[in-house]
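Take a look at the letters that make up each chain.
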Amino acid sequence: MSERPSPVHVVLASASPARKKLLHAAGIEPSIMVSGVDEDAATARAEETYGPLEPADLALVLARAKAEDIAPQVDEALVIGCDSILELDGDGHGKPQTPEQAIERWQLMRGRSGVLHTGHWLIDTREDDGTGATFGATASTTVHFAAIDDDEIRAYVETGEPLRVAGSFTLDGLGAPFVTGIEGDPSNVVGLSLPLLRELLGEVGIAWHTLRAPGIPT
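Residues numbered from 1 in each chain as written. Predicted model: local features only at pLDDT ≥ 70, side-chain atom pairs only at ≥ 80, totals over all residues. Heavy atoms only, no water.

Thoughts on the overall build of the protein chain
So, point 1. On a plain count of helices and strands, the protein chain comes out with seven helices and seven strands.
So, point 2. Overall, the protein chain shows an N-to-C arrangement of helices and strands of β-α-β-α-α-β-β-α-β-β-α-β-α-α.
So, point 3. Rg of the C-alpha trace for the protein chain: 18 Å, near the compact-globule value of 17 Å for 218 residues, within the 12% margin.
So, point 4. Principal axes of the C-alpha set define a box for the protein chain whose edges measure 60 × 45 × 25 Å. (Helix = DSSP H or I, 4+ residues; strand = E, 2+ residues; numbered from the N terminus. Rg over C-alpha atoms; globule rule 2.2 N^0.38 Å.)

Laid out in structure tokens, this is it:
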């Protein structure tokens, strides 16, 4: 039996432990390189070029900026950039800046529904087998929130979790009891749509199963 070739090197341009965990659970062991992109500056540049951006478009712009920040630093790899934004009443919400902002956000969200947009950008830096491709897409999932009271909101915000995540909530952490349902891909809500990533990889001729890292249980 021939020895199985090494998987293609995957680089995740994100500090998110949830995104890394998603990929690992699906059989992929990425390298982590955290982007130094200034999101406010990247947003301002994009809006100077394109005008005001819809939340779904902004998520893609920021995902691209993160991937493009890391790609020049690595050879022979697939670089994946991601960014998530919660849309509520047409406005986009990333990570809250303060506990007070997180509380206000949850007071607005409770008992209602929003759309979690995650932008994905893929850059192929491989020289011999690569395509040089740079492209992406956005996945969107509707999220329904429980009608939690102010005491529950304050207790949740005091954990610190809402300050670390887009939209001030998680589906795979302490915020899970406050999500009553979703419509769409659950992995997208966690921070990276595995089905969409599989499609993007297919565009550069890479089958998902060929990325499965040796030693990861299947």
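Next, the rest of the story.
A word on helix α7 (residues 194–203)
So, point 1. Taken as a whole, α7 has its buried residues at L194, L196, L197, L200 and L201. Summarising the axial view, the buried residues of α7 lie within an arc of 155 degrees, below the 170-degree limit, and thus occupy one face. Residues R198 and E203 are exposed on α7 and point more than 90 degrees away from its buried face.
So, point 2. The elements touched by buried residues of α7 are α1 (17–25), β3 (78–88), β5 (113–124), β6 (134–145) and α6 (186–190).
So, point 3. Between a side-chain oxygen at the N-terminus of α7 and the backbone nitrogen of L196 the separation is 3.2 Å; the capping residue is S193.
So, point 4. A positive backbone phi angle near 80 degrees is found at G205, which sits one or two residues after α7. (Buried < 20%, exposed > 50% of the residue type's maximum accessible area, 1.4 Å probe, protein only. Arc of directions from axis to C-beta. Contact = heavy atoms within 4.5 Å. Polar contact = N/O pair within 3.5 Å; in protein donor to acceptor, adjacent residues only side chain to side chain.)

A closer look at the side chain of H117
So, point 1. Here H117 is to be found in strand β5.
So, point 2. Reaching out from H117, the side chain makes a polar contact with the side chain of E87 at a distance of 2.6 Å.
So, point 3. Within the local environment of H117, its side chain forms a polar contact with the side chain of S140, the two groups lying 2.6 Å apart.
So, point 4. Non-local contacts of H117, meaning those with residues more than four positions away in its chain, are made with P55, A56, A59, D83, S84, I85, E87, T138, A139 and S140.

What is shown is where atoms sit, not what they do.
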